[in-house]
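Listed below are the residues making up each chain.
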Amino acid sequence: MDKQNPLQDHQARIHHLGLIVLGAHIPLLLVMARFFDTTDVLATALPAAIIAVQFLVARFGGLGFAVPLMGFSVMAFSGIMIHLGKGMIEWHFHIFVMIGLLTLLADVRALLVAALTAAVHHLTFYFYLPASIFNYQASFGIVAIHSAFVVVQTIACVYVATVFRRAFVVQGKLTDEFGPLLSFLQQVSRGNNDSAHLITAVSTENAAALEQLSDNSEEISVQVSTTTDNCQRAQNLSRQSYSEIQGSEETLNKLNQAGEQMEALRVTLAELQADTHAELQAVMEAVNQVTAKTAVVGDFATRTKLLSLNASIEAARVGSQSAGFAVIAQEIGQLASNSGGASREIAELAERSNGVLNSAVGKINSEFTAANEVFEAAATLFLHSRESLNEAVQRIGLNSRDLNGLLTEISSAAGEQSQGVDSLRLAISNVAAGSNELDGAAQNILKSSSQVSQEFHRFRSLYNEVTGIMASGKGKAARGSVTSHSGAIEETALGGSA
């Protein structure tokens with residue numbers, strides 16, 4: 001069916017069917033001509049000519065001319081039948097039947113043309129060929145009664161044709177409006193069905209993912225709890241380390257004091273070295289003086305010995321009077337000899353002592369210098385180590401404090417993470433519940449989609465039935481049925497789509 005103009009399509013079908021019906025009249029008309037002994041040519045040639053004209057007008061002029069002309073053609077066949085039947089009253093019923101059948105064209109013009117043709121036929125034949133319309137002596141009043149029946153039937157058929165035409169207009173609107181609605185309902189039904197299956201698949205995947213996520217959240221919760229405990233223990237150890245580092249300040253102070261004492265000892269050692277060197281130099285000078293004095297004593301002893309020798313020589317010259325002086329001179333010489341020997345021994349001893357003392361002074365100076373250098377290096381290393389230790393302790397203290405702060409933040413974050421995991425588990429439970437609701441909604445959508453599909457097929461069947469009813473002429477009742485059913489179906493479709 002042409003959905004854009006169902007009226008024209010219907011009129012074309014009825015016109016085609018009308019030509020077939022008119023063609024089927026020719027054998028009947030020929031039988032009547034033989035039976036009533038009338039003209040065979042009139043029973044065949046004239047009907048064929050009418051059918052040919054009707055076909056040509058429809059073929060080249062269109063239904064706009066062919067439909068009204070059909071009213072004339074069927075009345076011409078009625079006139080031919082009445083004429084061939086020699087005016088028997090029974091053949092006049094053909095007029096009423098044809099006018100009723102013309103209603104199927106849903107065109108008022110065809111009915112008016114048919115009524116006008118029937119009126120002209122009766123009036124003309126009443127005056128010029130009265131035997132061709134009545135087989136008895138009929139008055140003009142009889143003709144008027146016939147005409148009145150035709151007028152009444154025409155009025156009724158005009159009303160039915162008008163309603164029928166409106167039904168086709170409604171059918172066109174139904175095609176224009178409900179056709180897209182049917183497609184929309186079908187698309188919605190398919191879309192809902194696909195969406196429901198997709199939601200069901202997604203719901204199944206979500207259920208599996210939620211189950212895995214729930215297991216992972218349990219593991220995360222255990223790991224977060226372990227992390228929190230480890231952070232707490234590490235924080236306690238960090239606090240202890242920080243306390244011990246703070247307690248080591250006293251030891252550092254003692255080390256600083258020891259460093260200061262070592263520095264003071266180094267200064268004292270340097271001073272002692274200087275003092276010892278000065279005292280040893282003084283001893284060496286004293287030994288040198290003793291050596292010098294010993295040399296003087298030796299020289300004095302030599303001179304005394306020479307004087308004693310001279311005195312002995314002089315005493316010997318003098319003779320006996322100087323014997324006591326000679327003894328004295330001898331004793332003095334002996335004393336000088338002894339003093340010279342002692343002086344030599346003292347000189348040798350002083351010289352050896354001076355050598356030993358020089359060696360001892362050099363050794364003491366070198367040992368003092370080496371010890372001072374070692375002590376100074378040790379003191380420098382100690383001071384450097386002390387400074388490095390102080391810096392390291394300060395850095396460790398700062399790092400321990402920062403580590404304590406970080407551990408505090410990690411512990412706090414772990415607590416918040418634990419709360420987040422609990423919230424996540426609660427959200428997972430809610431999502432699982434929502435997934436169940438979503439699955440239920442998907443089932444409802446499937447059910448609604450099935451209902452929409454059923455209503456769609458029911459509406460399609462009803463639509464096809466209405467189309468058939470309209471084609472048979474019962475448009476008014478079908479229009480009411482369509483209106484009531486379309487409202488119900490639209491409500492169902494909207495409900496299913498929602």
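Everything in this summary refers to the structure shown in the same document. (Residues numbered from 1 in each chain as written. Predicted model: local features only at pLDDT ≥ 70, side-chain atom pairs only at ≥ 80, totals over all residues. Heavy atoms only, no water.)

This part is about the overall build of the chain. Helix and strand content of the chain: eight helices and zero strands. When the helices and strands of the chain are placed in sequence order, the string is α-α-α-α-α-α-α-α. Within the chain, buried positions represent 31% of all 498 residues. Element-wise, carbon and sulfur atoms account for 62% of the exposed surface of the chain, whose accessible area totals about 29,200 Å². (Helix = DSSP H or I, 4+ residues; strand = E, 2+ residues; numbered from the N terminus. Buried < 20%, exposed > 50% of the residue type's maximum accessible area, 1.4 Å probe, protein only. Areas by Shrake-Rupley, 256 points an atom, 1.4 Å probe, with all protein chains shown as cover.)

If you look at the biggest cluster of nonpolar residues, it comprises 34 residues, and the most contacted ones within it are Leu 29 and Met 75. Of all elements in the fold, only α1 (6-35), α2 (40-61), α3 (63-84), α4 (93-102), α5 (108-128) and α6 (140-318) reach the threshold of two or more residues within this core. Counting residues per element, this core draws most heavily on α3, at ten residues. Not counting residues up to four positions away in its chain, the partners in contact with Leu 29 are Ala 43, Pro 47, Phe 77, Ile 80, Met 81 and Leu 84. Membership of the second largest hydrophobic core comes to six residues, among which are Leu 280, Ala 350, Leu 357 and Val 361. (Core = buried A, V, L, I, M, F, W, Y, C linked by side-chain atoms within 4.5 Å. Contact = heavy atoms within 4.5 Å.)

Glancing now at the layout of surface pockets. Counted as a void, the largest pocket has a volume near 260 Å³. Together, 14 residues line the largest pocket, and Ala 76, Gly 79, Thr 117, His 121 and Phe 125 are the ones closest to its centre. Mapped onto the lining of the largest pocket, the elements with two or more residues apiece are α2, α3 and α5. Examining the composition of the lining of the largest pocket, we find that six residues originate from one element, α3, more than from any other. Taken together, the residues of the lining of the largest pocket break down into nine nonpolar, five polar and no charged. (1 Å grid on protein atoms, 1.4 Å probe; cavity = no way out; pocket = protein on both sides within 12 Å on 5 of 7 lines; lining within 4 Å. Points joined across faces, edges and corners; volume = space filled by probe spheres on them. Nonpolar A, V, L, I, M, F, W, Y, C, P; charged D, E, K, R; others polar.)

Moving on to a nonpolar patch on the surface. Among the surface-exposed residues, Leu 123, Phe 127, Tyr 128, Leu 129 and Phe 140 lie close enough to one another that they form a single nonpolar patch of about 580 Å² accessible area. Per element, the largest residue contribution to the nonpolar patch is three residues, and it comes from α5. One can find Leu 123 in helix α5. When its relative accessible area of 37% is taken as the criterion, Leu 123 is described as partly exposed. (Patch = residues over 30% accessible without salt bridge, like charges linked within 9 Å, V, L, I, M, F, W, Y side chains within 5 Å. Salt bridge = Lys/Arg side-chain N within 4 Å of Asp/Glu carboxyl O.)

As enumerated under the stated definition, the model contains four salt bridges in all. A salt bridge links Arg 34 to Asp 40, with the shortest nitrogen-to-oxygen separation between them at 2.9 Å. A salt bridge links Asp 107 to Arg 109; the nearest nitrogen and oxygen atoms lie 2.9 Å apart. Assessed through its relative accessible area of 41%, Arg 109 is described here as partly exposed.

Turning our eyes to something else, we now look at the packing of α1 against α2. At their nearest, the axes of α1 and α2 sit 8 Å apart, and the two run at 170 degrees to each other. The orientation of α1 with respect to α2, classified from their angle, is roughly antiparallel. Judged by residue contacts, His 15, Leu 19, Leu 22, Gly 23, Ile 26, Leu 29, Leu 30, Ala 33 and Arg 34 of α1 engage Asp 40, Ala 43, Thr 44, Pro 47, Ala 48, Ile 51, Gln 54, Phe 55 and Ala 58 from α2. In the contact of α1 with α2, the residues fall into twelve nonpolar, four polar and two charged. (Axes fitted to C-alpha atoms, helices over the stretch in contact; angles between N-to-C directions. Parallel < 35°, antiparallel > 145°, perpendicular 65-115°, else oblique.)

Further remarks concern unusual backbone geometry. In this structure, Asp 37 is a non-glycine residue whose phi angle is positive, near 55 degrees. With respect to the helices and strands, the residue Asp 37 is situated in the loop between α1 and α2. If you check the backbone angles, Ala 106 has positive phi at about 55 degrees while not being a glycine.

A word on the side chain of Gln 11. Within the fold, Gln 11 resides in helix α1. The exposure class of Gln 11 is buried, given its relative accessible area of 6%. Excluding residues within four positions of it along the chain, Gln 11 makes contact with Leu 63, Val 67, Leu 105, Ala 106, Asp 107 and Arg 165.

Turning to α4, its buried residues number three or more, namely His 94, Ile 95, Met 98, Ile 99 and Leu 102. Considered in projection along α4, the buried side chains sweep an arc of 130 degrees and stay on one side of the axis. (Arc of directions from axis to C-beta.)

Worth remembering: the numbers are spatial, not functional.
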